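Observations on chain architecture
So you can see what is in the structure, the chains are spelled out below.
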Amino acid sequence: MKIVCKFGGTSLACSENIRRCIQIIRENPERIFVVASAPGKSALSKEKVTDLLLCCYENRFDEIKFEEAFAKIQKISANRTCVGHND
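Residues numbered from 1 in each chain as written. Predicted model: local features only at pLDDT ≥ 70, side-chain atom pairs only at ≥ 80, totals over all residues. Heavy atoms only, no water.

Thoughts on the overall build of the protein chain
The cut-off we apply is this: Put simply, DSSP H or I for four residues or longer makes a helix, DSSP E for two residues or longer makes a strand, and each gets a number counted from the N terminus. Exposure categories follow from relative accessible area, calculated using a 1.4 Å probe and restricted to protein chains: below 20% of the type maximum is buried, above 50% is exposed, and the middle band is partly exposed. What makes two residues a contact is simply this: any of their non-hydrogen atoms within 4.5 Å. To be clear on the numbers: accessible area is Shrake-Rupley with a 1.4 Å probe, and residue cover counts the displayed protein chains and nothing else.
Scanning the protein chain from N- to C-terminus turns up three helices and two strands. Beginning at the N terminus, the succession of helices and strands in the protein chain can be written as β-α-β-α-α. Residue burial in the protein chain is summarised as follows: out of 87 residues, 23% are buried. Counting contacts in the protein chain only where the partners sit at least 6 residues apart, residues at least 24 apart contribute 69% of the total. With the model as given, the accessible surface of the protein chain reaches about 6300 Å², and the carbon-plus-sulfur share is 56%.

Topic: the pairing of strand E2 (residues 31-39)
What counts here: When DSSP finds at least two bridges between two strands, those strands are taken to pair.
Of the pairings in the sheet, the one linking strand E1 (residues 3-9) to E2 comprises six bridges and is parallel in character. If you follow isoleucine 3 over to E2, its bridge partner there is arginine 31.

Re helix H2 (residues 49-58)
Rules: It is the directions from the helix axis to the C-beta atoms whose arc is reported.
Within the sequence span of H2, burial applies to Val49, Leu52 and Cys56. Within H2, the buried residues cover an arc of 60° as seen down the axis, which keeps them to one side. More than 90 degrees from the buried face of H2, the exposed residues found are Tyr57 and Glu58.

Observations concerning a nonpolar patch on the surface
In plain terms, the rule: Put simply, a patch holds well-exposed residues, over 30% relative accessible area, that have no salt bridge, with like charges counted together within 9 Å and Val, Leu, Ile, Met, Phe, Trp or Tyr side chains within 5 Å. What counts as a salt bridge is simple: a side-chain nitrogen of Lys or Arg found within 4 Å of a carboxyl oxygen of Asp or Glu.
On the surface, Val4, Ile32, Phe33 and Val35 cluster together into a nonpolar patch covering about 360 Å² of accessible area. When residues in the nonpolar patch are grouped by element, the largest group, three residues, is from E2. Checked against the element boundaries, valine 4 lands in strand E1. Judged by relative accessible area, which is 57%, valine 4 ranks as exposed.

Here we look at the side chain of asparagine 59
Its location among the elements puts asparagine 59 in the loop between H2 and helix H3 (63-78). With relative accessibility at 15%, the residue asparagine 59 sits in the buried group.

Shown next, in the form of structure tokens:
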């Protein structure tokens, strides 16, 4: 039997959780299809990256709002840690 696994949200919020996902996938050789969706909230922001990307799109013609949202994404990406965890 072939198994499809989907990980997202908190499962992909930081490197520690991503390592857990990898371990889960490797534990069963029938898990051959993996779907990764959007990462969850990080310790740096209470906003999800996907919500900020949507904000960038919605404000693409408003340079100030776009730059504010994009700066948050850059900050989250530069130092991604789980809420309550230290990587």
